[in-house]
Amino acid sequence: MENTISEFGKVFIFLALGVVLVVGGFITSRLLRPFRPNTEKMTTYECGEEPVGSSWVQFNIRFYVIALIFIIFDVEILFLFPWATIYKQLGTFALVEALIFIGILLVGLAYAWVKGDLEWVRPNPNVPQLPTKKFEKMPARPEASLLSLVESITPASASESSLPKV
Amino acid sequence: MNSLAYQIIFYLFAAIIVGSAALVVISKNIIHSAFGLLFTFFGVAAIYVYLNADFIAVTQIVVYVGGILVLLLFGVMLTNKITQADLKTETLNPVPGLLITLSVLAMLLYTFYFRAKWVTVPVDQQLRGTVVEPIGIATMTTYVLPFEIVSIVLMVALLGAAYIARADRKVQTKEGK
């Protein structure tokens, strides 16, 4: 009992140290800083922009499905955790059992994947469509392409009799 | 000295549990309640450590703090009107509620003082070290079939959760159209 607690005691030391550092930082800054609030200072910081509306917005329901899938695999990891500690002792049998365990769960993941639950919600921006078709045929440098056109025609057409007509 | 330090830390965690649980109930801001629950779960994990149940303590942190609470916060964020939500209940029923609370408290105290068989085995005869390895050996030898059935249960839970959440979304899109 003492042994286990003292192992977790190390965790507790780190935990206490983290709490003390954060809380101590807040307390010292509270003691040192001047306290003169105004409405500009109290607004939410949004990279210099004026905050618009409330930050409480409704999230997409798809995040909830992903959170549910996360919890399932969270529990799966929990069952594999004791398995991992004795994996070397039991060898192939333990490996096969764990592979079956993961394999059954992968069926569920494959189902969610096929049904499109894992697909990310893409933004669908409304881009204004300009009538660009007429301009697409225009080359980037009109004078250059015209020169090459003339050069390609001239040597061949010089020998031909049809040139004077044009 | 050592046991005194253990006791002080135990009461610290007990105070954290009770205080944060009270915050969950009392707070009118639903986000504050959710974060109070974080500290409650965490303190309970510390109590599991004191009970020498290290695997359960880690389970508590991984599943409840890491999983259930994330789900809870997602649920809060998914609700539409968080700030306007009025968390006051209309029906209070103070007299029956108080009666039930006091009777449960009396039952617990009676069990605590007269009926419960507290462990009085000396410390050196109790369980030593980690229990993760015995659990692993048990799951791989005696309880292999339940271990595999658990994966089927988890898969069914995954399928059901994904199906229900998706069916909900279809209804929404139909309403949108």
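The model shown is predicted, which means the values in this text are computed figures rather than measured ones.

Parameters and conventions
Residues numbered from 1 in each chain as written. Chains lettered and ligands numbered in written order. Predicted model: local features only at pLDDT ≥ 70, side-chain atom pairs only at ≥ 80, totals over all residues. Heavy atoms only, no water. Helix = DSSP H or I, 4+ residues; strand = E, 2+ residues; numbered from the N terminus. Buried < 20%, exposed > 50% of the residue type's maximum accessible area, 1.4 Å probe, protein only. Contact = heavy atoms within 4.5 Å. Areas by Shrake-Rupley, 256 points an atom, 1.4 Å probe, with all protein chains shown as cover. Buried area = accessible area lost by both parts, 1.4 Å probe. Salt bridge = Lys/Arg side-chain N within 4 Å of Asp/Glu carboxyl O. Polar contact = N/O pair within 3.5 Å; in protein donor to acceptor, adjacent residues only side chain to side chain. Nonpolar A, V, L, I, M, F, W, Y, C, P; charged D, E, K, R; others polar. Patch = residues over 30% accessible without salt bridge, like charges linked within 9 Å, V, L, I, M, F, W, Y side chains within 5 Å. Axes fitted to C-alpha atoms, helices over the stretch in contact; angles between N-to-C directions. Parallel < 35°, antiparallel > 145°, perpendicular 65-115°, else oblique. Left-handed = near helix turned anticlockwise from the far one by under 90°. pLDDT = per-residue confidence, 0-100. Expected span 1.5 Å × (residues − 1). Bend = angle between axes of the 7 residues up to and from the residue. Lys, Arg positive; Asp, Glu negative; His and termini not counted. Charge placed at Lys NZ, Arg CZ, Asp CG, Glu CD. Phe/Tyr/Trp six-rings, centres within 6.5 Å; stacked < 30°, edge-to-face > 60°.

For chain B, the helix and strand inventory stands at six helices and zero strands. Shown N-terminal to C-terminal, the secondary structure of chain B runs as helices and strands in the order α-α-α-α-α-α. Sorting the 177 residues of chain B into buried and exposed places 29% on the buried side. When contacts within chain B are restricted to residue pairs at least 6 apart in sequence, long-range pairs at least 24 apart make up 54% of them. Total accessible area on chain B is roughly 12000 Å²; 72% of this is exposed by carbon and sulfur atoms.

This next bit is on the interface of chain B and chain A. Where interface size is quoted, it is often the accessible area lost as the parts come together. Taken residue by residue, the interface counts 57 residues in chain B and 52 residues in chain A. Buried surface at the junction of chain B and chain A, both sides included, amounts to about 5300 Å², of which 77% is carbon and sulfur. In this assembly, chain B and chain A are joined by zero salt bridges. Our count for the contact surface shared by chain B and chain A stands at one residue pair in polar contact (both at pLDDT 80 or more). Of all the secondary-structure elements, those providing two or more residues to the side of chain B that touches chain A are α1 (2–26), α2 (30–50), α3 (54–78), α5 (132–140) and α6 (144–176) of chain B. The element best represented in the side of chain B that touches chain A is α6 of chain B, accounting for 18 residues. Of the residues in the side of chain B that touches chain A, the class split is 37 nonpolar, 13 polar and seven charged.

Turning to the environment of Ile86 of chain A, a few remarks are in order. Inspection of the secondary structure puts Ile86 of chain A in helix α3 (residues 61–90). Apart from the residues lying within four places of it in its own chain, the contact partners of Ile86 of chain A are Glu133, Gly136, Ile137 and Met140 of chain B.

A separate point is a nonpolar patch on the surface. Residue and element names in this part refer to chain A. On the surface, Leu17, Val19, Leu21, Val22, Val23, Phe26, Ile27, Leu31 and Leu32 cluster together into a nonpolar patch covering about 1000 Å² of accessible area. Within the secondary structure layout, Leu21 lies in helix α1 (residues 2–32). Here Leu21 falls in the exposed class, since its relative accessible area comes to 62%.

Moving on: the packing of α3 of chain A against helix α4 (residues 92–114) of chain A. Residues and elements named next belong to chain A. For the pair α3 and α4, interaxial distance at closest approach is 9 Å and the crossing angle is 170°. Between α3 and α4, the crossing angle belongs to the class labelled roughly antiparallel. In the crossing of α3 with α4, the sense of the turn from one axis to the other is left-handed. Between α3, through Ile69, Ile72, Phe73, Glu76, Phe79, Leu80, Trp83, Tyr87 and Leu90, and α4, the contact on the second element is made entirely by Thr92, Phe93, Ala94, Leu95, Ala98, Phe101, Ile102, Leu105, Leu109 and Ala112.

Let's shift gears to the packing of α2 of chain B against α3 of chain B. All names here are of chain B. The interhelical angle for the contact between α2 and α3, taken along N-to-C directions, is 175°, at an axis separation of 9 Å. Relative to α3, the element α2 lies roughly antiparallel. Residue-level inspection shows Ile30, Ile31, Ala34, Phe35, Leu37, Leu38, Phe41, Phe42, Val44, Ala45, Tyr48 and Val49 of α2 in contact with α3, the latter providing Ile56, Ala57, Gln60, Ile61, Tyr64, Val65, Leu69, Leu72, Leu73 and Val76. In terms of residue class, the contact of α2 with α3 is built from 21 nonpolar, one polar and no charged.

Quick look at the confidence of the model for chain A now. Per-residue confidence for chain A gives a mean pLDDT of 78; residues scoring 70 or more make up 71%. A low-confidence stretch, residues 157–163 of chain A (pLDDT under 50), is modelled with two contacts involving residues beyond four sequence positions or located in other chains.

Here α3 of chain A spans 43 Å end to end across 30 residues, near enough to the 44 Å set by a 1.5 Å rise per residue. The sharpest bend along α3 of chain A comes to roughly 45°, located at Ala84 of chain A.

Taken together, the side chains of Glu40, Glu46, Glu49 and Glu50 of chain A present a region of like negative charge at the surface. You can see Glu40 of chain A is positioned in helix α2 (residues 39–42).

Our focus in this paragraph is the environment of Val75 of chain A. Within the fold, Val75 of chain A resides in helix α3. The buried category is assigned to Val75 of chain A, whose relative accessible area is 18%. Residue contacts for Val75 of chain A: discarding those within four places in its chain leaves Val63 and Leu154 of chain B.

Our next topic: the side chain of Glu148 of chain B. Considering the arrangement of structural elements, one finds Glu148 of chain B in helix α6. Lys88 of chain A is the oppositely charged side chain nearest to the buried, salt-bridge-free Glu148 of chain B, at an N-O distance of 22 Å. Once you skip the residues sitting within four places of it in the chain, Glu148 of chain B turns out to touch Glu97, Ile100, Phe101 and Ile104 of chain A.

So, on to the packing of aromatic side chains. All chains considered together, the criterion is met by ten aromatic pairs over all chains. A ring pair is formed by Phe10 of chain B and Tyr50 of chain B, whose centres lie 5.4 Å apart and whose planes are at 65°; its orientation type is edge-to-face. Placement of the pair is Phe10 of chain B in helix α1 and Tyr50 of chain B in helix α2, with a sequence separation of 40 residues. Classification of Phe10 of chain B as partly exposed rests on a relative accessible area of 29%. Taken together, the ring pairs in this structure connect Phe79 and Phe101 of chain A together with Phe147 of chain B into an aromatic cluster.

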